Amino acid sequence: MLLKSYKDLLIRYFVPHWPQVLALGALLLGGIGLQLATPQIARDFIDTARAGGALRQLTIAASLYLGVAVLTQAITVLETYAAENLGWTATNALRADLAQHCLELDMSFHNAHTPGELIERIDGDVSTLANFFSRFVLHLLTSALLLFGILVLLFRQEWQVGLVLAVVSLCALVALNKVRGVGMRYSQASRQASANFFGFLEERLSGLGDIQSSGAQSYVVRRLYPHLRELFQSSRRAFLMGGVLGSAAGGVFTLGWILVFAMAAYFYRAGTMTIGTVYLMFQYTAMLRWPLGKLAHEAQDFQNASASIARIRELYDRRTQLHDGAGIRFPAGSLSVEFSDVSFGYMSGDADGAAVLADVCFRLQPGRVLGVLGRTGAGKTTLIRLLFRLYDPDRGTIRLGGVDLREAHLADLHERVGIVTQEVQLFHASVRDNLTLFNRAIPEWRIVEVIEALGLGAWLRGLPAGLETELGAGSIGLSAGEAQLLAFARVFLRDPGVVVLDEASSRLDPATEAQIERAVDTLFRAGESRRTGIVIAHRLSTVRRADDILILEDGRIVEYGPRELLARDPASRYNELATLAAGAAAADLAGQLL
């Protein structure tokens, strides 16, 4: 299974860059040829000098040796550049695919994995594969080829020496293979400890304001120490196991060196081997350390890559539980919203009693505005998540414009339903990109028109670079009201058929809230008609523009109907809430007057 993962990754990310692969292979082969030729030149130089050869012959040999050495270094530089370029090109493509895959996974996956952990998977694990993509296969082949070439030349020179080093090399390779399998689990544990550390760090940094305001810095640091300890210990174990790989090969190789030294001394004393040939033997024996050492290094990288590939494959094997529909299109204009016997629990298999929503049924006509009321935990936010199809209901059907959400494309659904929430996500990018969400197809005149309609024209004209002004850290900041209005502008530019407001003005001062209310009135108007609206609220004042009211309690609808009728019905829950709210407002006003 693991070998299949290697093959799949190589075919997908290595083969498309075959011209670079061929160029890199040619450089490596050229380097091998030059390495094999260098000792031959040195032997001829030594034997010629010992025999009292002509100075001209020695000069040519020395010049050739220096030329080959310089050319070898140049090829090494080119090979390093080509390998790094190939490795980063391939791994960046893998990072992009992994990021896309994570973005397409459903919310149940993201609820179970922190952003820090996913960053470590997408960047940390993939970075480990840079050498695997750029050099592993080529270095494996070229190291084997160099090893074979050295042994062939040694056999041609002295078959006894060649046989000894062949046995030594085989023993070293067997030792490397045995140790590699043991070390893989240590590398995988090290990668997991790193992911846990980054997950912890991301969570605490995202809640830095609450941590500082409650004086919990010391507590967080104490919680950090176990993660650091585990990261250190697991990394140390993985490093030590990697060192065992090199030691295994080095120990076997040292034995081979001793044997070659004894045999060379014997042949030289017997007069059957020149001093130049002795040097050649030692040089080739020393050169054997490079392919064996490279194979050991590649085995260690292979060990690290094995852990990373296993984790990447695990991430790739995760599949979203939300499957895209057949592509039935939603009608144009305002859309109806219908929930038919919808039940849902975040944990699969929840019983009805533990479900977040149970047997929810209602139908909102096109162009009408629905106010959804309920205490915290009543299921209001879950209702919206199901409408956006972040989850599928356990039972029942949700229709938009008469179309089952599961039969439409998710992209079409998100295009036809817009939302404005309390928290507005601003990107470190230009005002234009924040408004269009990086869609350059939207013309500038349309963006300016929407900004003017929302009352932000003066703000836009005051920006130093207009729509190209950067937002985010270290640049232009926005007040809560301005950020909220930009969120309205995003929805305007998409022109959806349904607009959802999730307590969009609950944290604003009265003056800014009045400006937001005007934006809401503008947003709910769609030319000659009205957009369908859903307003999630904790306060009754937020739903005063609603046509219909829906009250949730413990995941069930306890009241649903036209707002005016419910307001006039003394027995309705909405009337009771309105009476209590009016009494609280009167008491507050009396307190201010006193």
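Anyway, here's the lowdown on the structure attached to this text. (Residues numbered from 1 in each chain as written. Predicted model: local features only at pLDDT ≥ 70, side-chain atom pairs only at ≥ 80, totals over all residues. Heavy atoms only, no water.)

Some thoughts on the overall build of the protein chain
Scanning the protein chain from N- to C-terminus turns up 19 helices and twelve strands. Evaluated residue by residue, the protein chain yields a buried proportion of 46% over its 594 residues. Restricting to contacts in the protein chain with at least 6 residues of sequence separation, those with at least 24 account for 77%. Put simply, the protein chain shows about 29800 Å² of open surface, and 60% of that area lies on carbon and sulfur atoms. (Helix = DSSP H or I, 4+ residues; strand = E, 2+ residues; numbered from the N terminus. Buried < 20%, exposed > 50% of the residue type's maximum accessible area, 1.4 Å probe, protein only. Contact = heavy atoms within 4.5 Å. Areas by Shrake-Rupley, 256 points an atom, 1.4 Å probe, with all protein chains shown as cover.)

Considerations on the sheet that holds strand β4 (residues 395-400)
Spatial strand order, β2-β1-β4-β5: four strands in an open sheet with antiparallel pairing. What marks the edges here is a single partner per strand, and that holds for β2 (357-364) and β5 (403-404). Pairing of β4 with β5 involves two bridges; the strand directions are antiparallel. The partner of L400 across the bridge, within β5, is V403. Contacts between helix α11 (residues 380-387) and the sheet are confined to β1 (337-344), β2 and β4, with β1 contributing the most and set at about 115° to the helix. (Pairing = 2+ DSSP bridges. Axes fitted to C-alpha atoms, helices over the stretch in contact; angles between N-to-C directions.)

Looking at a nonpolar patch on the surface
Together, L29, L145, F148 and V152 line one region of the surface with nonpolar side chains, adding up to about 360 Å² of accessible area. Element by element, the count of residues in the nonpolar patch is highest for helix α6 (residues 130-157), at three residues. Among the secondary structure elements, L145 is positioned in helix α6. (Patch = residues over 30% accessible without salt bridge, like charges linked within 9 Å, V, L, I, M, F, W, Y side chains within 5 Å. Salt bridge = Lys/Arg side-chain N within 4 Å of Asp/Glu carboxyl O.)

With respect to the pattern of salt bridges
Going through the model one piece at a time under the given rule, you end up with 14 salt bridges. When salt bridges with common partners are traced through the structure, they connect E338, R363 and R399 into a single cluster.

Overview of the sheet that holds strand β6 (residues 417-421)
Spatially, β6-β7-β10-β3-β11-β12 is the arrangement adopted by the six strands of the open sheet, whose pairing is mixed. Each end of this open sheet is capped by a strand with a single partner; those strands are β6 and β12 (556-562). Each neighbouring strand pair of the sheet contributes to a mean axis angle of 15°, computed without reference to strand direction. Of the strand pairs in this sheet, strand β7 (residues 498-502) and strand β10 (residues 532-537) are connected by five bridges, and their pairing is parallel. Residue pairing across strands places D502 opposite I536, the latter belonging to β10. Its contacts with the sheet place helix α16 (residues 480-494) against β6 and β7, and it is angled at close to 180° to β6.

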